[in-house]
Amino acid sequence: WEGRIGAAGPPRAAGRPPLGPPTRRPRGRWTSRVRLLFLLPAVFWVLAFTIVPLVYSLYTAFHNVTNETLVNRVEVPRLDKDGNVVLKPDGTPRMRTEVVRETVTKWEFVGLANFARIFRDPVVGEAVKVTAIFVGVGVAVQMTLGLALALLFNREMPGRSFLRTLMILPIFATPVAAGYLFFTIFYEEGGPLGWTGIPWLSSPSWALVSVIIVDVWQWTPFCFLVFLAALQGIPDELIEAARLDGGAGWTLIREVILPLMVPTIVIVFLLRLAEAMKVFDIVASLTVGGPGNATQSLSYLAYRTGLRFFDVGYASAIAYTLLAFVMVVVTLFFKRVRTIYA
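Residues numbered from 1 in each chain as written. Predicted model: local features only at pLDDT ≥ 70, side-chain atom pairs only at ≥ 80, totals over all residues. Heavy atoms only, no water.

Asker: Let's hear about the overall build of the protein: which residues, and what values?
Answerer: Tallying secondary structure elements over the protein gives 12 helices and two strands in all. Scanning the protein from its N terminus toward the C terminus, one meets helices and strands in the order α-α-β-β-α-α-α-α-α-α-α-α-α-α. The buried share of the protein, taken over its 342 residues, is 30%. Considering only contacts within the protein whose residues lie at least 6 apart along the sequence, 70% involve residues at least 24 apart. (Helix = DSSP H or I, 4+ residues; strand = E, 2+ residues; numbered from the N terminus. Buried < 20%, exposed > 50% of the residue type's maximum accessible area, 1.4 Å probe, protein only. Contact = heavy atoms within 4.5 Å.)

Right under this line is the structure:
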């Protein structure tokens, strides 16, 4: 047996398969079905809460939607307190007149009339101006402060970890909560900043400044966090070599750090540009678009037009015009940057 075992291995019991590497089972159709089953909730969510509302609002933008209340008078039998029909002496039921009101929604196809109306509406022009000032000033200040803070905290200092954590806290506040918080801060009678004498919310100019301040307070930490991550991704050897070559201070930032951070700066700019152009929450909670139309952005104008004045067709046209403008601006800017830095 020793010879047999050494030459051919141990004896194999009858009926057992030969020893060897395990064979892979062929992949059946059930695996693909299981994967599709797990994807169904996400597909349903996208269809139900993204695609369907987009298609419906686009359909609404080409229609003039009006609600009419139809009033009809109907003769119905009079009932007593027990619910029985009250009869006349001759045995016929006594009748009373009941007013029935019915709301009817009418859809009238108007083509591009709602979109053409946008270019003739002076309120839209004011909203575009407010949105442009908000985006231009707010995004520029956020990116500048975010980059400056990232450069400041990208060095050794006492309590750096605690200060970094403290800096990003405003990100976790919802815009509506931030708006109400700063409403109490800017309140001119008894507010923490009431002693300044500045009409933060009653003056058209200062009201827009107040909205910009709230947006800068909330979104500067986002820029700071992304820029700080990009700075920490720059190799220390490259910074040390630049310093040995005589680069220090502003020269080091301009010649070495900023060129390496261009892709990150572009991404942050595009994200903040798209987000700032559809600002709604801060305006709705802080100034309600006032005083007058001084802080009414395009998004808030679309909201008021559709849900306050019930002109949903025109509101949908405004919303789609804003969407198209944002997509065109972001696409052109991104293509331009890719051409330069490809």
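Moving on from the model shown.
Asker: So what's going on with the packing of aromatic side chains? Which residues, and what values?
Answerer: Taken as a whole, this structure holds 14 aromatic pairs when the rule is applied. Note on Trp45 and Phe49: the rings are 4.5 Å apart at their centroids and 40° apart in plane angle, and the pair reads as tilted. With Trp45 and Phe49 both in helix 2 (residues 29–61) and four residues apart, the pair spans about one turn of that helix. When its relative accessible area of 55% is taken as the criterion, Trp45 is described as exposed. (Phe/Tyr/Trp six-rings, centres within 6.5 Å; stacked < 30°, edge-to-face > 60°.)

Asker: Could you give an account of the environment of Leu322, naming the residues involved and the relevant values?
Answerer: Relative to the assigned elements, Leu322 resides in helix 12 (residues 312–341). What makes Leu322 buried here is its relative accessible area of 9%. With 23 residues separating them in the primary sequence, Leu322 and Ser299 have C-alpha atoms 8.0 Å apart. If near-sequence neighbours (up to four positions away) are discounted, Leu322 is found in contact with Met277, Lys278, Leu298 and Ser299.

Asker: Please provide a residue-by-residue account of the side chain of Thr60, values included.
Answerer: One can find Thr60 in helix 2. Since its relative accessible area comes to 3%, Thr60 is described here as buried. Among residues more than four places away in sequence, those in contact with Thr60 are Val65, Trp107, Asn114, Val312, Gly313 and Ser316.

Asker: Could you give me a rundown of the environment of Tyr187, with the residues and numbers involved?
Answerer: Within the secondary structure layout, Tyr187 lies in the loop between helix 6 (175–186) and helix 7 (204–232). Note on Tyr187: relative accessible area 40%, which makes it partly exposed. Here the alpha-carbon distance between Tyr187 and Trp200, two residues 13 residues apart in the chain, equals 7.5 Å.

Asker: Go over helix 7 with me, naming the residues and quoting the values.
Answerer: In this model, helix 7 (29 residues) spans 42 Å end to end at C-alpha, consistent with the 42 Å of a helix rising 1.5 Å per residue. Remark: the principal bend of helix 7, roughly 35°, maps to Trp219, with a proline, Pro221, within the next four residues. (Expected span 1.5 Å × (residues − 1). Bend = angle between axes of the 7 residues up to and from the residue.)

Asker: How would you explain the pattern of salt bridges if you had to name every residue and give the values?
Answerer: By the definition in use, this model includes six salt bridges. Lys106 is paired through a salt bridge with Glu68; the nearest N and O atoms lie 2.9 Å apart. Of this pair, Lys106 sits in strand 2 (residues 95–109) while Glu68 sits in strand 1 (residues 63–77), and the two are 38 residues apart along the sequence. What makes Glu68 partly exposed here is its relative accessible area of 32%. A salt bridge links Arg96 to Glu98, with the shortest nitrogen-to-oxygen separation between them at 3.7 Å. For Glu98, a relative accessible area of 32% corresponds to the partly exposed category. (Salt bridge = Lys/Arg side-chain N within 4 Å of Asp/Glu carboxyl O.)

Asker: Would you mind going over the nonpolar core in detail, with residue names and values included?
Answerer: Membership of the largest hydrophobic core comes to 56 residues, with the highest contact counts inside it found for Phe227, Ile257, Met261, Leu286 and Ile318. Among the elements that make up this core, the one with the highest residue count is helix 7 (11 residues). Not counting the four nearest positions on each side in its chain, Ile318 is found in contact with Ile118, Val124, Leu298, Leu301, Ala302 and Thr305. (Core = buried A, V, L, I, M, F, W, Y, C linked by side-chain atoms within 4.5 Å.)

Asker: Would you mind going over the environment of Ile133 in detail, with residue names and values included?
Answerer: Mapping Ile133 onto the fold places it in helix 4 (residues 122–153). With relative accessibility at 34%, the residue Ile133 sits in the partly exposed group. A sequence separation of 79 residues divides Ile133 from Ile212, and the C-alpha atoms of the two residues are 9.1 Å apart.

Asker: Hey, could you go over the packing of helix 4 against helix 7 for me, with residue numbers and the actual values?
Answerer: For the pair helix 4 and helix 7, the least separation of the axes is 6 Å and the interaxial angle reads 40°. Considering their axes alone, helix 4 and helix 7 lie oblique with respect to each other. The two elements helix 4 and helix 7 meet at a crossing, and its hand is right-handed. Here the residues of the contact of helix 4 with helix 7 sort into 22 nonpolar, four polar and one charged. (Axes fitted to C-alpha atoms, helices over the stretch in contact; angles between N-to-C directions. Parallel < 35°, antiparallel > 145°, perpendicular 65-115°, else oblique. Left-handed = near helix turned anticlockwise from the far one by under 90°. Nonpolar A, V, L, I, M, F, W, Y, C, P; charged D, E, K, R; others polar.)

Asker: Outline unusual backbone geometry, supporting the account with residue identities and numerical values.
Answerer: Glycine aside, the phi torsion of most residues is negative, and most peptide linkages are trans. The amide bond that connects Gly290 to the next residue, Pro291, takes the cis arrangement and shows omega of 0°. For Pro291, the location among the structural elements is in the loop between helix 10 (281–286) and helix 11 (298–307). The phi dihedral of Phe310 is positive, around 60°, even though this residue is not glycine. With respect to the helices, strands and loops of the structure, Phe310 is situated in the loop between helix 11 and helix 12. Looking at Phe310, the relative accessible area reads 56%, which means it is exposed.

Asker: Before we move on, can you summarise the confidence of the model for the protein with the specific residues and values?
Answerer: Here the protein averages 84 in pLDDT, while 89% of its residues score no lower than 70. Every residue in residues 1–8 is under pLDDT 50, and counting partners more than four places away or in other chains gives two contacts. (pLDDT = per-residue confidence, 0-100.)

Asker: Give a description of the side chain of Thr287 that names residues and reports values.
Answerer: Mapped onto the elements of the fold, Thr287 is located in the loop between helix 10 and helix 11. At a separation of 2.7 Å, a polar atom in the side chain of Thr287 contacts the side chain of Thr295. The residues touching Thr287, leaving out its near neighbours within four places in the chain, are Leu201, Ala207, Val211, Ile282 and Thr295. (Polar contact = N/O pair within 3.5 Å; in protein donor to acceptor, adjacent residues only side chain to side chain.)

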